[in-house]
Amino acid sequence: MTAHRDRLDAVSVSSENAAAESVTNTVHAERTIPEATVARLALYLRALTGLAEHGTATVSSESLATAAGVNSAKLRKDLSYLGSYGVRGVGYDVALLTEQMRSTLGLNENRAVALIGLGHLGKALAGYTGFATRGFRISALIDTDPELVGTTLREIAVQHVDLLEQIVRSENIAIAVIAVPSSVAQEVCDRLVAAGVTSILNFAPTVLAVPDHVDVRKVDLAAELQILSFHDNRKSARSDAQAGPLSAALGTRPGGGTGLASSTMGATGLGSKAMSDTAIGSTA
Ligand SMILES: NC(=O)c1ccc[n+]([C@@H]2O[C@H](COP(=O)([O-])OP(=O)(O)OC[C@H]3O[C@@H](n4cnc5c(N)ncnc54)[C@H](O)[C@@H]3O)[C@@H](O)[C@H]2O)c1
């Protein structure tokens, strides 16, 4: 949370008022947007899409923040990087803000995605219909397995990895998704980079070495579970610690421990609030 805050503060923000819900058409296209804000833009876009599907034309910052699972001050700050389209007392125009979000995230270009590795994970990703509606087009499926090569998944032919460089060029691949075994992930990555791919989403449990101009995002579900485990562990430790004094109070002062017990219960409430703030901070 602190690190995130520092990063936000490090960005030169010309006007704090830009975060307020006032009418302004200024688009800060060239402004540096913190990485944590970029990650949240995707959350806002998903929430906006849901609102539009339900016919909502305008939304307050509080409602949008709730739908996206962040606090409204953070949302207003994030939107200030795009230029605010909010109107005081009315809120944000859902269609306009959606368009602004899509443009900032570069989703209007329907980027071509190549999926490399069509095993358990790759097949599931290839079968996911949500990519198309979120601005991505799976254009190439690549594997080495002779049983898979030549078959089609969602009307896209699986091609052999020998053709990787050719496919990257002919399909104008913008983003590659690596879902191969970790033992070959670096080799596949090197070939993608040499072919001109500069954005990679890596599912393999390997830290990929790439040149500076290449962006790699790593998805690690096991790490996410470990983070949840950490928070779960802390919640258990807290409730154990709180159960101790409570039992002691009830045990040593029978009939007279009500006051102590209820103040302990109050502390439990504060404790769980603190935990949820921590959880929100960790996603920042
Ligand atoms: N990030 C996560 O949370 C997460 C979750 C599950 C799996 N994984 C990782 O994703 C990867 C795939 O997992 P899986 O369960 O689908 O494995 P899998 O063995 O079912 O599939 C791997 C696929 O890659 C293909 N392949 C092998 N070498 C290749 C190459 N050089 N070029 C192209 N294709 C090649 C294989 O033929 C196979 O179809 C693994 O690295 C696994 O550890 C990550």
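Structure shown above.
Every value quoted in this text rests on a predicted model; they were computed, and no experiment measured them.

**What to know about the nonpolar core**
Judged by nonpolar contacts, the single largest core of 30 residues is most densely connected at Ala 114, Leu 115, Ile 116, Ala 176 and Ile 178. When residues in this core are grouped by element, the largest group, five residues, is from helix α9 (residues 182-194). If near-sequence neighbours (up to four positions away) are discounted, Ile 116 is found in contact with Ile 142, Val 161, Ala 176, Val 177, Ile 178, Ala 179, Val 180 and Val 188. Grouped together as the second largest cluster of nonpolar side chains are 18 residues, Leu 41, Leu 51, Val 59 and Tyr 81 included.

**Some remarks on helix α2 (residues 35-53)**
Helix length check: α2 (19 residues) gives 28 Å between terminal C-alpha atoms against 27 Å at 1.5 Å per residue, within 8%. Taken residue by residue, α2 has Thr 37, Arg 40, Leu 41, Tyr 44, Leu 45, Ala 47, Leu 48 and Leu 51 as its buried positions. Contacts from the buried residues of α2 go to β1 (58-59), α3 (61-68), α4 (72-80) and α5 (94-104). One or two residues past the end of α2 sits Gly 55, with phi positive at roughly 80°.

**Regarding the site of the ligand**
In the vicinity of the ligand there are 24 residues, among which Gly 117, Gly 119, Leu 121, Ala 204 and Leu 221 approach most closely. Only α6 (120-126), β5 (136-143) and α9 provide two or more residues apiece to the shell around the ligand.

**Observations regarding the pairing of strand β8 (residues 175-178)**
Burial of β8 is two-sided: the residues Ile 175 and Val 177 facing one way and the residues Ala 176 and Ile 178 facing the other way are all buried. Of the pairings in the sheet, the one linking strand β4 (residues 111-116) to β8 comprises four bridges and is parallel in character. Its bridge partner lying in β8, Leu 115 is registered against Val 177. Here β8 runs beside strand β9 (residues 199-202); their pairing, made up of four bridges, is parallel. Across the sheet, residue Ile 178 finds its bridge partner in β9, namely Asn 202. The β-α-β motif built from β8, the intervening α9 and the parallel element β9 has right-handed crossover chirality.

How each quantity is defined
Residues numbered from 1 in each chain as written. Predicted model: local features only at pLDDT ≥ 70, side-chain atom pairs only at ≥ 80, totals over all residues. Core = buried A, V, L, I, M, F, W, Y, C linked by C-beta atoms within 7 Å. Buried ≥ 20, exposed ≤ 12 C-beta atoms within 10 Å, placed from the backbone. Helix = DSSP H or I, 4+ residues; strand = E, 2+ residues; numbered from the N terminus. Contact = placed C-beta atoms within 7 Å. Expected span 1.5 Å × (residues − 1). Near = placed C-beta within 6 Å. Pairing = 2+ DSSP bridges. Right-handed = clockwise from strand over helix to strand, strands pointing away.

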